[in-house]
Amino acid sequence: MPYQPKPKSQRAVHPRTISGQAQKAKTRAAIIQAAIPVFAQNGPDIPIVDDFVKAAGVSRGTFYNYFETTRDLLEATMAHISDELVQTIVPVVGGESNPVIRLATAARLFYRKARLDPVFRAFLGSVSSVGDLAVRNARADLEEAIEKGFVKVMDIELAEAIALGVMVFALRTSKVEVGGEKRAREVVRATLQALGVDPDLINQAMRVRVPRPLPASNS
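Figured I'd write up the structure that's included with this text. (Residues numbered from 1 in each chain as written. Predicted model: local features only at pLDDT ≥ 70, side-chain atom pairs only at ≥ 80, totals over all residues. Heavy atoms only, no water.)

1. Points about the overall build of the chain
Link 1 in the chain: Looking only at helices and strands, one finds 10 helices and 0 strands in the chain.
Link 2 in the chain: The linear arrangement of helices and strands in the chain, starting from the amino end, is α-α-α-α-α-α-α-α-α-α.
Link 3 in the chain: Burial status across the chain gives 40% buried among its 219 residues.
Link 4 in the chain: In the chain, the share of contacts with a sequence separation of at least 24, taken over all contacts with a separation of at least 6, comes to 71%. (Helix = DSSP H or I, 4+ residues; strand = E, 2+ residues; numbered from the N terminus. Buried < 20%, exposed > 50% of the residue type's maximum accessible area, 1.4 Å probe, protein only. Contact = heavy atoms within 4.5 Å.)

Here is the structure:
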């Protein structure tokens, strides 16, 4: 009978270790949460470490335990504030087979979050981005839409610039809050028109009902 090595026994994690990890996660989350209004008000380049230290009520040493630079903090903040939203949107649109309708519905849900949350909207506007996860999902939908002939802008880089650029700049206008769902539809419709989507398909996408509220993220 061949030799069978005994499985290594796993050492139990000490309660203090668990408590320490939880505290670290809590401190990191607190720094990120405090960073959101700082970035929203000042943009991504002006704030310095002391701004975030003051906002979070931590020491510089504590800050550097979690983030090497303000750019690292910006990336973590973007992941927290935008990627978390996208993770709740993906399951909602995942069952839709048409990439244009997926893209349009996701954009309407993203816009609605920005309309209802001024800090979220200000943050996105100040950093001129919608977040890496949103970009990746939009690009995947656009690539499929181009391949299937739904989008007439064949250059994926240009198509992505149109889709994301319209969203970013639309969120900077004064009509976001007062325009409501009607304004969201106008923004998404303008995006699809710029991409060369057939009017009938645009109308079909606009008729999709979006859930309210979104399901909670599992993250």
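2. Things to note about the nonpolar core
Link 1 in the chain: The biggest cluster of nonpolar side chains holds 65 residues, and the ones touching the most others in it are Leu73, Phe110, Phe123 and Leu192.
Link 2 in the chain: Sorting elements by how many residues they give to this core places helix H5 (residues 99–116) first, with 10 residues.
Link 3 in the chain: In contact with Leu73, other than residues within four places in its own chain, are Ile31, Ile32, Ala35, Phe39, Phe52, Phe63 and Phe67. (Core = buried A, V, L, I, M, F, W, Y, C linked by side-chain atoms within 4.5 Å.)

3. Comments concerning the pattern of salt bridges
Link 1 in the chain: Summed over the entire model, instances satisfying the criterion amount to 12 salt bridges.
Link 2 in the chain: Arg102 is the partner of Asp141 in a salt bridge, and the nearest nitrogen-oxygen pair spans 3.0 Å. With a gap of 39 residues between them, Asp141 in helix H7 (residues 132–147) and Arg102 in helix H5 connect regions that are remote in the sequence.
Link 3 in the chain: In this structure Asp141 comes out as buried when scored by relative accessible area, which is 12%.
Link 4 in the chain: A salt bridge links Arg139 to Glu157; the nearest nitrogen and oxygen atoms lie 3.0 Å apart. A residue pair is termed long-range when its members are at least 10 positions apart, and Arg139 in helix H7 and Glu157 in helix H8 (residues 156–170) qualify at 18 residues.
Link 5 in the chain: Take Arg139: its relative accessible area is 24%, and that puts it in the partly exposed class.
Link 6 in the chain: When salt bridges that share partners are traced, they join Arg102, Asp141, Glu144 and Lys148 into one network. (Salt bridge = Lys/Arg side-chain N within 4 Å of Asp/Glu carboxyl O.)

4. Things to note about the packing of aromatic side chains
Link 1 in the chain: Summed over the entire model, instances satisfying the criterion amount to 6 aromatic pairs.
Link 2 in the chain: Summarising the aromatic geometry, the rings of Phe63 and Tyr64 are spaced 5.5 Å apart at their centres and angled 90° between planes, so their arrangement reads as edge-to-face.
Link 3 in the chain: On the accessibility criterion, Phe63 (0% relative accessible area) is buried.
Link 4 in the chain: We classify Tyr64 as partly exposed; its relative accessible area is 39%.
Link 5 in the chain: Centroid distance Phe63 to Phe67: 5.8 Å. Interplanar angle 50°. Geometry classified as tilted. By the burial criterion, Phe63 is buried, and Phe67 matches it.
Link 6 in the chain: Chaining the aromatic ring pairs together yields one cluster made of Phe39, Phe52, Phe63, Tyr64, Phe67 and Phe123.
Link 7 in the chain: Taking the ring centre of Phe120 as reference, the NZ or CZ of Lys113 above it sits at 5.6 Å. (Phe/Tyr/Trp six-rings, centres within 6.5 Å; stacked < 30°, edge-to-face > 60°. Lys NZ or Arg CZ within 6 Å of the ring centre and 35° of its normal.)

5. Thoughts on the environment of Val210
Link 1 in the chain: Within the fold, Val210 resides in the segment after helix H10 (199–206).
Link 2 in the chain: Apart from residues no more than four positions distant in its own chain, Val210 is found in contact with Thr105, Arg108, Leu109 and Arg112.

6. Here we look at helix H9 (residues 176–194)
Link 1 in the chain: Counted at 1.5 Å a residue, the expected span for H9 with its 19 residues is 27 Å, but the 20 Å between its end C-alpha atoms falls short.
Link 2 in the chain: Its axis deflected by about 75° at Lys182, H9 carries its strongest bend there.
Link 3 in the chain: Among all positions in H9, only Val176, Gly180, Arg183, Ala184, Val187, Val188, Thr191 and Leu192 are buried.
Link 4 in the chain: In this fold, the buried residues of H9 make contact with H5, helix H6 (118–127), H8 and H10. (Expected span 1.5 Å × (residues − 1). Bend = angle between axes of the 7 residues up to and from the residue.)

7. Some words on the environment of Phe39
Link 1 in the chain: Mapped onto the fold, Phe39 is located in helix H1 (residues 15–42).
Link 2 in the chain: Of the residues examined, Phe39 reaches a relative accessible area of 0% and is grouped as buried.
Link 3 in the chain: For the pair Phe39 and Val119, spaced 80 residues apart in the sequence, the C-alpha separation amounts to 9.7 Å.
Link 4 in the chain: Ignoring sequence-local partners within four residues, the contact set of Phe39 consists of Pro44, Pro47, Phe52, Thr70, Leu73, Leu74, Thr77, Phe123 and Ser126.

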